[in-house]
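# Summary of structural features
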Amino acid sequence: MTHPDLQIDWLRAFVAVVDAGSLSGAAPLVHRSQSAVSMQIKKLEAALGRPVLLRGPRHLELTPVGDELLSYARRMLELQAETQTALFGPRLAGRVRLGVPDDYASTYLTPVLRSFSHRYQGVEIELTCEQSTSLIPRVARGELDLALVSRDKAQRGRFLFQEPLVWVGAAQFEAWRRDPLPIAVYESASLARIATMKALAARRRAYRIVYHSSSLAGQLAAVESGLAVAVLTRCSVPPNLQILQNLPAEFDLPALDSMDVSVLRSKESQRSPAVDAMYEQMVRTLGG
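What you see is a predicted model, and the numbers here were worked out from it, not measured in a lab. (Residues numbered from 1 in each chain as written. Predicted model: local features only at pLDDT ≥ 70, side-chain atom pairs only at ≥ 80, totals over all residues. Heavy atoms only, no water.)

As a further point, take the pattern of salt bridges. Enumeration according to the criterion identifies 11 salt bridges in this entry. The residue E130 makes a salt bridge to R138 at a minimum N-O spacing of 3.1 Å. Here E130 falls in the partly exposed class, since its relative accessible area comes to 27%. D276 is the partner of R265 in a salt bridge, and the nearest nitrogen-oxygen pair spans 2.7 Å. Of this pair, R265 sits in strand β12 (residues 259-265) while D276 sits in helix α9 (residues 273-286); the two residues are 11 residues apart in sequence, bridging distant segments of the chain. By relative accessible area, R265 is classed as buried at 19%. Within this structure, E130, R138, R141 and E143 form a network of salt bridges that share partners. (Salt bridge = Lys/Arg side-chain N within 4 Å of Asp/Glu carboxyl O. Buried < 20%, exposed > 50% of the residue type's maximum accessible area, 1.4 Å probe, protein only. Helix = DSSP H or I, 4+ residues; strand = E, 2+ residues; numbered from the N terminus.)

Quick look at the structure:
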């Protein structure tokens, strides 16, 4: 029995959609338009005779066939990357000291590291997770080679994308109804905290700080327990929390600006081919 070929471009598009969570998010990962990615998925599904993805309430979801295919697709792409590196690619070695805030790590760094590690297996990656306000001076001092950060100043680093800030709460507690508004905040230098204070002052909404923590886990704990509402990056909001929008007029929360996200590089790393490769991978994957 003859089976249809599963072309590598179809599999690459499929894996990119799964990693990004959407067709639009996958497009820059494979350097194609959204419509081209959609066409690749349709060709894959036509060859299989069954769908691999379904549109869920919040994002695309794998079908049973798609779930089974995913591990094979990853292995095929890994083998292709290894082959290309062995035959054509530079045999990079060395170390990259990389910094990222907790809330950006899972959503944005995962696809970067996955692509990079497949191509450059000889490069050691040393990862530091801290707030942007801590990472920026560490890059300036040469303690880190690269960092994905929320900009504290215009023109800081190479701009990649904007990340919205949102109000979040636990639906069952409705902490947003309380007066004054109980809020959980990051440390005083945090850009998210500064944006929160500015927005509340502009709206003249009474509030009280009931909890502060420098970690994302701490913020989530405060909100999930019903202790407070908080301002988080949209990418870091877990499914069990509610993004607070379209509230009754008397409880409406002020609008928030988006964060400009950029990649920052140290001067000391300018002659490192390994850092060059990671920098290019971050720009290519996240630079929209």
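What follows continues from the structure just given.
With that settled, consider helix α6 (residues 132-140). It helps to recall that an α-helix has 3.6 residues per turn; residues three or four apart then point in one direction. Within α6, the full set of buried residues consists of S132, L135, I136 and V139. Axial view of α6: buried residues confined to an arc of 105°, hence all on one face. Buried residues in α6 make contact with β3 (94-100), β4 (123-129), β5 (146-150) and β12. Where α6 terminates, the next one or two residues include G142, which has phi positive at roughly 80°. (Arc of directions from axis to C-beta. Contact = heavy atoms within 4.5 Å.)

The next point concerns the packing of aromatic side chains. Per the counting criterion, the structure on display carries 4 aromatic pairs. For the pair Y104 and Y108, a centre-to-centre distance of 5.9 Å together with 70° between the ring planes defines the contact as edge-to-face. With Y104 and Y108 both in helix α5 (residues 102-119) and 4 residues apart, the pair spans about one turn of that helix. For Y104, a relative accessible area of 1% translates into the label buried. Centroid distance W176 to F251: 5.5 Å. Interplanar angle 70°. Geometry classified as edge-to-face. (Phe/Tyr/Trp six-rings, centres within 6.5 Å; stacked < 30°, edge-to-face > 60°.)

Turning to the sheet that holds β12, a few remarks are in order. Picture the strands of a sheet paired through backbone hydrogen bonds; they go either parallel or antiparallel. The mixed open sheet is built from 5 strands, whose spatial order is β4-β3-β5-β12-β6. With one partner strand each, in any of the chains shown, β4 and β6 (158-163) form the two edges of the open sheet. Pairs of neighbouring strands in the sheet enclose a mean axial angle of 20°, with direction left out of account. Relative to β5, β3 runs parallel, the two being bridged by 2 bridges. In the sheet register, L98 faces β5, and the bridge partner there is L146. (Pairing = 2+ DSSP bridges. Axes fitted to C-alpha atoms, helices over the stretch in contact; angles between N-to-C directions.)

When you line up the elements, S115 lands in helix α5. C-alpha of S115 to C-alpha of F14: the two residues are 101 residues apart in sequence and 14 Å apart in space.

In terms of burial, β12 is a largely internal element, 6 of the 7 residues being buried. In this sheet, β12 lies alongside β5 in antiparallel orientation, the contact comprising 5 bridges. When the sheet's bridge partners are listed, L146 is paired in β12 with R265. Strand direction decides the pairing type here: β6 and β12, joined by 5 bridges, are antiparallel. Each residue of the ladder has a partner; that of F161, found in β12, is V261.

Turning next to the nonpolar core. L148 and W167 are the most contacted members of the largest nonpolar core, which has 60 residues in total. The biggest single contributor to this core is α9, with 7 residues. Those residues in contact with L148 that sit more than four places away from it in its chain are G99, V100, P101, Y104, Y108, L135, L160, V261, S262, M282 and L286. Membership of the second largest hydrophobic core comes to 22 residues, among which are A13, V15, A26 and V65. (Core = buried A, V, L, I, M, F, W, Y, C linked by side-chain atoms within 4.5 Å.)

Two strands pair when backbone bridges link them, and β3 and β4 are joined in this way by 7 bridges, in the parallel orientation. The residue of β4 that forms the bridge with V100 is C129. Between the parallel elements β3 and β4, the chain passes through α5 in a crossover that is right-handed. (Right-handed = clockwise from strand over helix to strand, strands pointing away.)

Moving on, we get to the packing of helix α4 (residues 64-87) against α5. Interaxial distance between α4 and α5 falls to 7 Å at its minimum, and their mutual angle equals 45°. Accordingly, the angle class assigned to the pair α4 and α5 is oblique. Residues R74, E78, A81, E82 and T85 of α4 touch α5, and the partners they reach there are R114, H118 and R119. Class assignment for the residues of the contact of α4 with α5 results in 1 nonpolar, 2 polar and 5 charged. (Parallel < 35°, antiparallel > 145°, perpendicular 65-115°, else oblique. Nonpolar A, V, L, I, M, F, W, Y, C, P; charged D, E, K, R; others polar.)

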